[in-house]
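# Geometric and topological summary
Each chain, written out:
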Amino acid sequence: PVSSCIAAEPDGASSATCSTADENPKLAEALSLAEHISFNDMLKRLNMPELKRTSFIGKTEERGITLRQLRAVWDHIEARCVKDGWLGGPNRDKKLTPKQVTLYDVDYYI
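Being a predicted model, the structure only gives us computed values, none of them experimental.

## Quick look at the overall build of the protein
Looking only at helices and strands, the protein has four helices and four strands in total. Along the chain direction, N to C, the helices and strands of the protein fall in the order β-β-α-α-α-β-β-α. Restricting to contacts in the protein with at least 6 residues of sequence separation, those with at least 24 account for 35%. Carbon and sulfur atoms make up 53% of the accessible area of the protein, which totals about 7600 Å².

Below you can see the structure in the form of C-alpha cells.
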C-alpha cells in the first residue's frame, strides 16, 4: 500500500510518523485525484500552492524540494507511472516502474 512518511518537521525536529491512505484522508484524496486529473490540478484541489513553479532554475539537479513536495511527487509517481506507461532511458523506449523513475523522468512527466 502507498504510504506517506514524515522524516523531519520544519523546525528541525525529527519524526518517524508514517501513514497509509486508509489512515490519512489527504493521502487517500491525493491518490484518488491522481487517477483522474493532472498533477497541477491535484495540487490546487489539495490546497498545496507551494508546489507551483514560481521561478526557473535551468539545471534539474540544482532545484530544491521540500519533504512535503517530495512525498506528493512520490505519491504521484506510484499512482501514475505504470498506469500511464511512463518510458525512460536515453530514447524514452524503456517501460519504467516507480523504483526506476529518475529525477529526469519526474521532470519530464510532472
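Back to the text.
## Looking at the nonpolar core
Grouped burial of nonpolar side chains is what soluble globular proteins tend to show. Within the largest apolar cluster, seven residues are counted, these being V73, I77, C81, W86, L96, V101 and V106. Setting aside anything within four residues of it in sequence, one finds C81 in contact with H76, W86, L96, T97, P98 and V101.

## Focus on the packing of aromatic side chains
Scanning the entire structure with this criterion turns up two aromatic pairs. Residues W86 and Y109 carry aromatic rings whose centres are separated by 4.6 Å and whose planes lie at 0° to one another, so their mutual orientation is stacked. Taken together, the residues W86 in the loop between α3 (67-80) and β3 (87-88) and Y109 in helix α4 (residues 103-109) connect sequence positions 23 residues apart. What makes Y109 partly exposed here is its relative accessible area of 28%. With 4.8 Å between their ring centres and 85° between their planes, Y108 and Y109 make a pair best called edge-to-face. Members of the aromatic cluster, joined through ring pairs, are W86, Y108 and Y109. Its end group placed over the ring of Y108, R92 keeps NZ or CZ at 3.9 Å from the ring centre.

## Brief notes about the pattern of salt bridges
Two side chains of opposite charge can pair, provided their charged atoms sit close to one another. In total, this model carries two salt bridges according to the counting rule given. R80 is the partner of D84 in a salt bridge, and the nearest nitrogen-oxygen pair spans 2.8 Å. What makes D84 partly exposed here is its relative accessible area of 38%. What makes R80 buried here is its relative accessible area of 15%.

## Comments concerning a nonpolar patch on the surface
There is a patch of nonpolar side chains on the surface, built from I65, L67 and L70 and spanning about 260 Å² of accessible area. Within the secondary structure layout, L70 lies in helix α3.

## Quick word on unusual backbone geometry
A positive phi angle, near 50°, is found at R92, a position not held by glycine. Its relative accessible area of 24% is what places R92 among the partly exposed residues.

About the criteria used
- Here the residue numbers are simple positions, counted from 1 along each chain's written sequence.
- With pLDDT at 70 or above as the cut-off, local features in this predicted model cover only qualifying residues; side-chain atom pairs require 80 or more to be listed or tallied, and sums for whole chains, interfaces and linings still use all residues.
- For the side-chain quantities, the full set of heavy atoms in the structure was used; hydrogens and water were omitted.
- Secondary structure elements follow DSSP: runs of H or I of four or more residues count as helices, runs of E of two or more count as strands, with numbering from the N terminus.
- In this analysis, two residues are considered to be in contact whenever any of their non-hydrogen atoms come within 4.5 Å of each other.
- Per-residue accessibility takes into account occlusion by the displayed protein chains alone, with areas from the Shrake-Rupley method and a 1.4 Å probe.
- Residues belong to one nonpolar core when they are buried, are Ala, Val, Leu, Ile, Met, Phe, Trp, Tyr or Cys, and are joined through side-chain atoms within 4.5 Å.
- Residue burial is assigned from relative accessible area. The probe radius is 1.4 Å, only protein chains are included, and a residue is buried under 20% of its type maximum, exposed over 50%, and partly exposed in between.
- Between 30 and 60 degrees the pair is tilted, below 30 it is stacked and above 60 it is edge-to-face, where a pair is any two Phe, Tyr or Trp rings, Trp via its six-membered ring, whose centres lie within 6.5 Å.
- Note on geometry: a ring has a charge over it if NZ (lysine) or CZ (arginine) is within 6 Å of the ring centre and within 35 degrees of the ring normal.
- By salt bridge we mean one thing: a side-chain nitrogen of Lys or Arg within 4 Å of a carboxyl oxygen of Asp or Glu.
- The patches reported here contain residues having more than 30% relative accessible area and no salt bridge. Joining distances are 9 Å for like charges and 5 Å for nonpolar side chains (Val, Leu, Ile, Met, Phe, Trp, Tyr).

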